[in-house]
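Observations on chain architecture
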Amino acid sequence: MGSNPSNVWSAHQLAEFVAGMSDHRDLTRAVDSAIDQLCETFDAEFAAIVEGTRVLGSTGFGAHEVAVPDLMPDILAGATTTVDVPGAGTCTALVRSHLADGIHCHLVIARTSPNRFNAEEQSLLRNMSRVFGLSLQTFRLLSSLRERQHLLERLSVIQRSISRRAGLDNVLSSVITGVVELLEADAALIRLVAKEHPDDHVLVASHGVPENVVRRIQRIPVGSGITGRALREGTLVLGSDPIQDVNERGYFSEIGALSMAAPIHDAGNNVGAIAVAFHGSSRREFTEGEQEALSLFAEHASIALTDARTVEAMEMAMYDPLTHLPNRVLFHDRLAQARSEHDEKRHSAVLFLDLDGFKRVNDTMGHGAGDELLGDLALRLSWLVRPGDLVGRHGGDEFTVLLHGLEQSAEAEAIAQRILDGLREPFMVGGHAVQIGASIGIAFDDGDQLSDLVARADLAMYAAKQHGRGRFEVYSDQTALRNRQSWTPTL
Amino acid sequence: MTAPNSQDTASAIATRWVRVGRSAATDAAEAAREVTDQAGAAGAGTKLLVVFADHRYDMRLLLAQIIERSATDELIGCSTAGEISPDGAGDGGVVLIAFGGDGFQVATHSAEFIAENMRDAGRAAATAVAGLPEQYEHTILMMLTDTFAGDQQEVLRGVYHTLGAEIPVVGGCAGDNLQMVRTYQFHKGRVLTNAVVSAAISSTAPFGIGAKHGWQPVGEPMTVTSSAGTIIHELDSRPALDVYLEQFNLPHSITDDSVAFRRFAMRHPLALARRSGDPLVRFLRGACPTTGGLQALAAVPEGANVWLMHGNEDSVLAATHAACDEAFAPITDPPLAVMVFDCVTRRDMLGDVGIQRELDVINQRSAGAPVAGLFTYGEIARIRGINGFHHETLVVLTVG
């Protein structure tokens, strides 16, 4: 081997090392490969790679590997230059470090050979430590990009569930699941200020919190707990500060938790918070990336909340606040929708229902009693129609019912009759049994204007009233003619 | 062929024995009967059976019959490119090496589908050591593996990571009589391929391992400028095949006959430079005329410094002496047995007469202890450091 100039040797070894490092896509494999190559290149019995004070990998100690971390501080500090490798005896150690670009890594080798490491070997190890340091930096960058990608994927799941109007509970659950999985947290919870009791802070979603603890910390005064602090301060807070609430603190300290929380807001007001907790003491701090991730999840919970409250407000505008039935506008919308889904073999009909005797209740028992009666009546009406039929409040004591999918007109008449019979049963209003009745007009959809359909049912209802109340009439052209001739108010 | 050790007497060391059986019978059941009888495998205290068999046997029947007729089912083994027994080198037969006595402790292990992750396979094979019921002062790991699965040095890296410097490793790659199609590894009654089988052997007396090749470099050192795993595309930025053919003044037409090329390549391997100056020999398995590449039996990394090698009978036999010197150095008394893992390329180069000369050298050193082993497609001897996979090398194991 006389023709092996040493500088050529080290250049080739470095080239092999670079090629070896670039072969691997994950850090564990790259570390394994690097320590193997260190042993092979230097004929070493032992090789280790240390980042900061953490041993990323070592080879040569076999079953005694656990002893390696304790040996490193003295070797890295230069306090010792030998390593006793089990089975190989005392070996001379060489350390070269790469301390730049935020990476502090050390390559350690040791071998039994009595020859000291020569200048070329020392230089080669230094160059290898640089190569490894740069590779480590690349891995860190890649892994942070992968984490970012992972975060974006989680957030897009939440965004989709918001846009699908999956329901606030579902969206908040997916926020909790996302945050727990991404941050690998042991527990997470979301609290919102209770709508009906603004002094309370209610647990609305949680993950990893035992059932008995959930019951214990379900409702706490606003401002207490780490979620209370986030709510009060309107910013992300870390749980190293004292936690006020005994229950929440009690739980988090039970699991030896480190926690952080971020506020959730709606229309410019802080209305809740999301908190995550980690068991035990293995974690010392949260990285900036983790804090940023929690804030992003909180932001998404806020969007979901605002969206849900907007939907709620929209629904409020479409529903009658007294009976919670669709109002005239919504009923019209649904009617239009039903017609667009029209099946030629089946028919739709509208029932127009006007109460008989309601004015008397209002006059004798007061408007409160009248409202109570309307509320109960709306509920009873909903039971008397078929599932899927739509009951709406037209106004005053007038109600409309949309019947879908009728095979024959007799079905509509049967339903009208069932309603009439059902409403004859007395209602309990203010402790008194109240008897009222109704008159119903039925109009079948013949493809005319929708507003005409309700109007025709209305005409038929008047005909029913004229024919003695407590009955139904089906609209026909004759009905219209008769009504035009003898229309008089009946109440 | 029974070779009971003459020291079967009182002391702990003397309660250990190694006996060898050999059969040329082609019928598996008959061969099993012969080798177990000769090795006294049915005797109480039998701890480990090591089987080397021609790849054409009905392997399942062979192993089942050997185990049936033995006092233990702790068995490892493999198919061969020829068997070595106290009778000399042979083909088409079976050799059984039985270890027994209180002074040995044994545990075996196998890992399959090793091509998927050679390093993990090595780690798995190494767990045999943890399975030892008791560990005496001297422990080795014997390992038999499938050369076609991939880079065998990866297996050694995995073993070293698990066992460290403390446990020497010895063994070789199974053969198939140069068919280069499929090799088998044996574990207990199972016949495996794409596998590594291992036996941790712990003993009250020392083992010795020697590994030498005897090849000499020719020409100037070169750089592997392009390679992928076991395929070498370029040497010094030129098609590797061109460089190889030019070095040895060979016509391109030799690549038309893959058998002829392989036969030449066996005697003219590649060597990788190492710091110690003792290069790692790499057998070239074939050439690809269309891409101009060479295929080695183990990975040749890009950037590596390599030489082409050649050998002659004298240099190869000089290595036999040197390997014996190394293997006999740790033992003071005559050995119980000597095991040989000899590269099939050395057999090819030395011929029948030369191989007998090699075995005569070993037999002379063993002083009457049985010598047994096989011709391999790659040899394993990790004595110090992490490097332990060899090509075109003779590995000698003395059981002290």
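Residues numbered from 1 in each chain as written. Chains lettered and ligands numbered in written order. Predicted model: local features only at pLDDT ≥ 70, side-chain atom pairs only at ≥ 80, totals over all residues. Heavy atoms only, no water.

The subject of this paragraph is the overall build of chain A. Across its full length, chain A carries 15 helices and 18 strands. In chain A, which comprises 491 residues, the proportion classed as buried is 47%. Put simply, 60% of the contacts in chain A that link residues at least 6 apart link residues at least 24 apart. (Helix = DSSP H or I, 4+ residues; strand = E, 2+ residues; numbered from the N terminus. Buried < 20%, exposed > 50% of the residue type's maximum accessible area, 1.4 Å probe, protein only. Contact = heavy atoms within 4.5 Å.)

Further remarks concern the sheet that holds strand S10 (residues 258–266) of chain A. Residue and element names in this part refer to chain A. Strand order in the open sheet formed by six strands is S8-S7-S6-S11-S10-S9, and the pairing between neighbours is antiparallel. Unpaired on one side and paired on the other, strand S8 (219–221) and strand S9 (237–238) mark the two borders of the sheet. Most of the contacts of helix H7 (residues 225–233) go to strand S11 (residues 269–278), to which it runs at about 140°, and overall it touches strand S6 (187–193), strand S7 (200–207), S8, S9, S10 and S11. Against the sheet, helix H9 (residues 288–318) contacts S6, S9, S10 and S11, and its axis sits at roughly 30° relative to S10. (Pairing = 2+ DSSP bridges. Axes fitted to C-alpha atoms, helices over the stretch in contact; angles between N-to-C directions.)

Within the largest apolar cluster, 55 residues are counted, with the highest numbers of intra-cluster contacts made by B:Leu141, B:Met143, B:Val159 and B:Ile362. Counting 42 residues, the second-largest nonpolar core is a separate cluster that includes A:Ile35, A:Leu38, A:Phe42 and A:Ala44. (Core = buried A, V, L, I, M, F, W, Y, C linked by side-chain atoms within 4.5 Å.)

Residue and element names in this part refer to chain A. Along the chain, Asn362 turns up in helix H11 (residues 358–365). A residue is classified by how much of its surface remains accessible, and Asn362, at 17% relative accessible area, is buried. Excluding anything up to four places from it in sequence, Asn362 contacts His367 and Gly370.

Turning to the packing of H11(A) against helix H12 (residues 367–384) of chain A, a few remarks are in order. Residue and element names in this part refer to chain A. Running from amino to carboxyl end, H11 crosses H12 at an angle of 140°, the nearest separation of the two axes being 6 Å. Here H12 runs oblique to H11, going by the angle between their axes. Residues Phe358, Val361, Asn362 and Met365 of H11 touch H12, and the partners they reach there are His367, Ala369, Gly370, Leu373 and Leu374. (Parallel < 35°, antiparallel > 145°, perpendicular 65-115°, else oblique.)

This part is about the pairing of strand S2 (residues 46–53) of chain B. Residue and element names in this part refer to chain B. Burial analysis of S2 places seven of its eight residues in the buried class, the great majority of the element. Of the strand pairs in this sheet, S2 and strand S6 (residues 94–100) are connected by seven bridges, and their pairing is antiparallel. In the strand pairing of S6, Leu49 is matched with Ala98. With five bridges joining them, S2 and strand S3 (residues 75–79) adopt parallel strand pairing. From the neighbouring strand, Leu49 faces S3, where its bridge partner is Leu75. Running through helix H2 (residues 59–68), the crossover from S2 to the neighbouring parallel element S3 is right-handed. (Right-handed = clockwise from strand over helix to strand, strands pointing away.)

Attention now goes to the packing of aromatic side chains. Residue and element names in this part refer to chain B. Following the criterion strictly, the structure yields eight aromatic pairs over all chains and no others. Residues Phe52 and Phe341 carry aromatic rings whose centres are separated by 6.3 Å and whose planes lie at 85° to one another, so their mutual orientation is edge-to-face. Placement of Phe52 in strand S2 and of Phe341 in strand S22 (residues 337–343) is noted, with a sequence separation of 289 residues between them. Of the residues examined, Phe52 reaches a relative accessible area of 0% and is grouped as buried. Taken together, the ring pairs in this structure connect Tyr244, Phe248, Phe261 and Phe264 into an aromatic cluster. (Phe/Tyr/Trp six-rings, centres within 6.5 Å; stacked < 30°, edge-to-face > 60°.)

Let us now look at the confidence of the model for chain B. All names here are of chain B. A residue-level look at chain B finds 96% of positions with pLDDT of 70 or above and a mean pLDDT of 91. Scored below 50 in pLDDT, residues 1–13 makes 30 contacts in the model with residues more than four places away or belonging to other chains. For this predicted complex, the interface confidence score (ipTM) comes to 0.78, while the overall pTM stands at 0.62. (pLDDT = per-residue confidence, 0-100.)

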